[in-house]
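Geometric and topological summary
For reference, the chains in residue letters:
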Amino acid sequence: MTYKLTEQQRGKVIAREAQERFDHFLQKVADWEEIWSLSDAEGCVMLNTDDGESCLPVWPHPDYALDWATDGWEGCEALKIDLQAWFERWSPGLDEDGILVAVFPRTDEEGVLLSAGDLTESIEALLGAGGD
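Read on for an overview of the structure. Residue positions within a chain follow its written sequence, with the count starting from 1. Only residues with pLDDT of at least 70 are given local features in this predicted model, and only at 80 or more are side-chain atom pairs given and counted; all residues enter the totals for whole chains, interfaces and linings. The side-chain values count all of the structure's non-hydrogen atoms but skip hydrogen atoms and water molecules.

Further remarks concern the packing of aromatic side chains. In this analysis, rings of Phe, Tyr and Trp, with Trp reduced to its six-membered ring, are considered paired at centre separations within 6.5 Å, and the interplanar angle assigns stacked below 30 degrees, edge-to-face beyond 60, and tilted for intermediate values. Under the counting rule described, the total for this entry stands at 3 aromatic pairs. Aromatic pair Y3 and W32: ring centres 5.8 Å apart, planes at 40°, arrangement tilted. With Y3 in the segment before α1 (7-14) and W32 in helix α2 (residues 18-32), this pair connects stretches of sequence that are 29 residues apart. Here the term buried applies to any residue with accessible area under 20% of the maximum for its type, exposed to any over 50%, and partly exposed to those in between, with areas from a 1.4 Å probe on protein chains only. Residue Y3 is classed as buried on the basis of its relative accessible area, which comes to 8%. Centre to centre, the rings of Y64 and F104 are 4.6 Å apart; their planes meet at 55°, and the pair counts as tilted. In this pair, Y64 sits in helix α3 (residues 62-66) while F104 sits in the loop between β6 (100-103) and β7 (112-115), placing the two residues 40 residues apart along the sequence. One residue, K28, lies across the ring of Y3, its end atom 4.4 Å from the ring centre. Only DSSP runs of H or I with at least four residues qualify as helices, and only runs of E with at least two residues qualify as strands; both kinds are numbered from the N terminus onward. Only when the NZ atom of a Lys or the CZ atom of an Arg is both within 6 Å of the ring centre and within 35 degrees of the ring normal do we say a charge sits over the ring.

Turning our eyes to something else, we now look at helix α4 (residues 83-97). Working rule for helices: expected span equals 1.5 Å times residues minus one. Counted at 1.5 Å a residue, the expected span for α4 with its 15 residues is 21 Å, and the 20 Å between its end C-alpha atoms agrees. The term polar contact refers here to a pair of N or O atoms within 3.5 Å; inside protein, the definition further demands a hydrogen-donor-capable atom paired with an acceptor-capable atom, and it admits residues adjacent in sequence only when both atoms are side-chain atoms. A side-chain oxygen of the first residue of α4 lies 2.9 Å from the backbone nitrogen of Q84; this N-cap is D82. At the exit of α4 stands G98, carrying a positive phi of roughly 70°.

A word on the nonpolar core. To form a nonpolar core, buried Ala, Val, Leu, Ile, Met, Phe, Trp, Tyr and Cys residues must be joined to one another through side-chain atoms within 4.5 Å. The biggest cluster of nonpolar side chains holds 39 residues, and the ones touching the most others in it are F25, I35, W86, V103, L119 and I123. Of the residues forming this core, the biggest block, 6 residues, is contributed by α2. Note on contacts: a residue pair is in contact if any heavy atoms of the two residues lie within 4.5 Å. Setting aside anything within four residues of it in sequence, one finds I35 in contact with F25, V29, V58, W59, L79, K80, I81, L83, W86 and I123.

With that settled, consider the sheet that holds strand β2 (residues 43-44). Two strands qualify as a pair provided DSSP detects at least 2 bridges between them. Pairing within the open sheet is antiparallel, and its 3 strands lie in the order β2-β1-β5. Only two strands of the sheet have a single neighbouring strand rather than two, namely β2 and β5 (77-82). Direction of pairing for strand β1 (residues 34-40) relative to β5: antiparallel, over a ladder of 6 bridges. In the strand pairing of β5, S39 is matched with E77. With respect to the sheet, α4 is in contact with β1, β2 and β5, its orientation differing from that of β5 by roughly 80°. With axes taken as lines fitted to C-alpha atoms, and helix axes fitted only over the stretch in contact, angles between N-to-C directions fall between 0 and 180 degrees.

What follows is the structure, encoded as structure tokens:
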């Protein structure tokens, strides 16, 4: 079960710059041990960067993910990724396929783009610093 998120809290976090949202994402993921994305009947939603690179968008809470379920993605649902599954399957698989991760994008901004391995290292560093 994920944490409670009020509309006021949600609005304040969404208004932050990309790096601040990234830091917020890391802390929430370390605290709650879950990552959220979007999926539909065909699988996970993938985005393309301005440079044409494929990336998986991820958020710390399902409400942020569902903000993206518009404009042709109305049928998408929030997809919970357990942190252990992220470490064991998702991160290695994304790196192997050359797919980047877009951390906490907004509908008007890509968010922080990095490899799944780099994101995993950031999460593990936070967990090692007292998060777990």
